[in-house]
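Observations on the three-dimensional arrangement
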Amino acid sequence: MVGDVPVGGGAPVTVQSMTVTKTADHEATLSQIYALAAAGADIVRCTCNESAAAEGLARIVPRSPVPIVADIHHQHLRALEALEAGVHCLRLNPGNIRNPKHIKLVASEALDRRVPIRIGVNGGSLHPELYAKHGGKVTPEAMVESALQEIAYFEDVGFDLIKISVKASSVPLMIEAYRQLAEVTDYPLHLGVTEAGPPPIGTLKATAGMATLLAEGIGDTIRYSLTTDPVEEVKAGRQLLEVMGLRERKNVDLIACPSCGRAEVDVFAIADEAMRAFGEREIPLQVAVMGCVVNGPGEARDADLGIAAGNKRGHLFVKGQNVMVVAEDEMVDTLIEWAEYIHANGAQAALDRASSTRAAARRAAEQDRKRNLNELGDDANNAEAAISNIRMVPKPTRGQSDAK
Ligand code: SF4
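This write-up is about the structure you can find in this document. (Residues numbered from 1 in each chain as written. Predicted model: local features only at pLDDT ≥ 70, side-chain atom pairs only at ≥ 80, totals over all residues.)

Before going further, it helps to spend a moment on the overall build of the protein. Scanning the protein from terminus to terminus reveals 15 helices and 13 strands. The C-alpha atoms of the protein give a radius of gyration of 27 Å, which is well past the 22 Å a tight globule of 404 residues would have. Seen through its C-alpha atoms, the protein measures out along the principal axes to roughly 80 × 65 × 30 Å. The proportion of buried residues among the 404 residues of the protein is 44%. Of all intrachain contacts in the protein linking residues separated by at least 6 positions in sequence, the fraction that spans at least 24 positions is 67%. (Helix = DSSP H or I, 4+ residues; strand = E, 2+ residues; numbered from the N terminus. Rg over C-alpha atoms; globule rule 2.2 N^0.38 Å. Buried ≥ 20, exposed ≤ 12 C-beta atoms within 10 Å, placed from the backbone. Contact = placed C-beta atoms within 7 Å.)

Pasting the structure below:
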């Protein structure tokens, strides 16, 4: 338990982030913690790099809406101060606090208070001895060894309220380190790609690493380490867990076709506009934006709600059934209005609501579908022309292989 939030043992995977304010400035830090909690953070970490930060934590912890983890850098005394401040968890970096006596002292104090500790191994600050032992390189084996050494110090004093992370900025390295760690320990794991960088590449790196592990059943809590507003880290974390089916959906899941030669509208622009319009609205539905009525409603039939473009108008469908036709410039507003209605009343109520317009909507969709097929034919993407060109490329004669 980190405060009242369970981590590991089959509990839902949690989202963490870290404040970027001076912890000593407790009002600024609290206001950021509130923003992170509102975005969906389950746990927030604050740096405790000086005594003034520990004093800030003493003011922050009683007012925080989520459990607080104190990030301890080089000074074990800051860990003792953070415990006095009442934090719900500590994070220690074994590469930075190296004296076993200090480590055991902190663990004993934490044990008395039943406060868990995250062993936060970081590829960039590995213990110099381990670095040398593993050939002057940061390897998965070296990172796991660092974590195991720290666990041994903790277990020496009977401390087992442990979480572990083995973060690296290299995605393949962190994946392998976590895989090896999961083989040798049952303690809960905190996942992250450290110093992933600014979005979008930072988000992509962190997602590649964490999603791979989560799909293998590895990981109990996650943090995106992005060079941006930490609220974005939380949103990314929530979204990752939602798309992987590990947490209940909170906001809309907007799906959209990639557009093609058959599209009757600028799908990219409409999808962007819809994304912005749904924003932070808590409507946990799947909503589709499709570029044409020929394939759109069929391909998005599993969505709760969708709209497909056709001849300067939008064909709205609920669970694959056409319900009404709207002007092209009303497509997004209509989606929002119907999404709110379905969220409040259910899909069947929405279909009933459209009982008087459904037949006409179906006919209009069929009309636009035929029109699109007549104008663009069955082959709107000119696949047949490409296929005919492929057939004109000389083929190897018998006995010749592609390798030649
Ligand atoms: S066929 Fe229609 S729905 Fe499919 S990608 Fe093209 S425009 Fe989008």
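This is not the end of the story, as more comes after the structure.
Within the largest apolar cluster, 71 residues are counted, with the highest numbers of intra-cluster contacts made by Leu57, Ala70, Ala82, Val87, Leu90 and Val166. Ranked by residue count, the leading element in this core is helix 7 (residues 171–184), at six residues. Filtering out sequence-adjacent residues up to four positions away, Val87 remains in contact with Leu57, Val61, Ile68, Val69, Ala70, Ala82 and Val115. By size, the runner-up hydrophobic cluster in this structure holds 38 residues, among which are Ala274, Met324, Leu335 and Trp338. (Core = buried A, V, L, I, M, F, W, Y, C linked by C-beta atoms within 7 Å.)

Right, let's get into the sheet that holds strand 2 (residues 43–47). Spatially, 6-5-4-3-2-1-8-7 is the arrangement adopted by the eight strands of the open sheet, whose pairing is parallel. Only two strands of the sheet have a single partner each, and these edge strands are strand 6 (162–167) and strand 7 (190–191). Bridge count between strand 3 (residues 68–72) and strand 4 (residues 89–92): four bridges; the pairing is parallel. Along strand 4, the bridge assignment pairs Ala70 with Leu90. (Pairing = 2+ DSSP bridges.)

In this section: the environment of Val318. Relative to the helices and strands, Val318 is located in strand 12 (residues 313–318). The exposure class of Val318 is buried, given the 23 C-beta atoms found within 10 Å. For the pair Val318 and Ala300, spaced 18 residues apart in the sequence, the C-alpha separation amounts to 9.8 Å. Setting aside residues up to four positions removed in sequence, Val318 forms contacts with Leu305, Val323, Ile342, Ala347, Ala350 and Leu351.

Now for the environment of Leu191. Following the sequence through the fold, Leu191 ends up in strand 7. Along the backbone, Leu191 and Ile164 are 27 residues apart, and their C-alpha atoms lie at a distance of 8.5 Å.

The next thing to look at is the sheet that holds strand 11 (residues 305–310). Here five strands make up an open sheet; going across it, the order is 9-10-11-12-13 and the pairing mixed. Single-partner strands in this sheet number two, and they are strand 9 (253–256) and strand 13 (321–327). This sheet shows a mean twist of 20° between the axes of neighbouring strands, independent of strand direction. Note that strand 10 (residues 286–290) and strand 11 share four bridges and pair parallel. Across the sheet, Met290 pairs through a bridge with Ala308, a residue of strand 11. Strands in contact with helix 10 (residues 267–278) are strand 9 and strand 10; relative to strand 9, the strand with the most contacts, it is inclined by about 175°. Across the sheet, helix 12 (residues 331–345) lies against strand 10, strand 11, strand 12 and strand 13, angled at about 160° from strand 11, the strand it touches most. (Axes fitted to C-alpha atoms, helices over the stretch in contact; angles between N-to-C directions.)

Interpretation in functional terms is not warranted from these geometric data alone.
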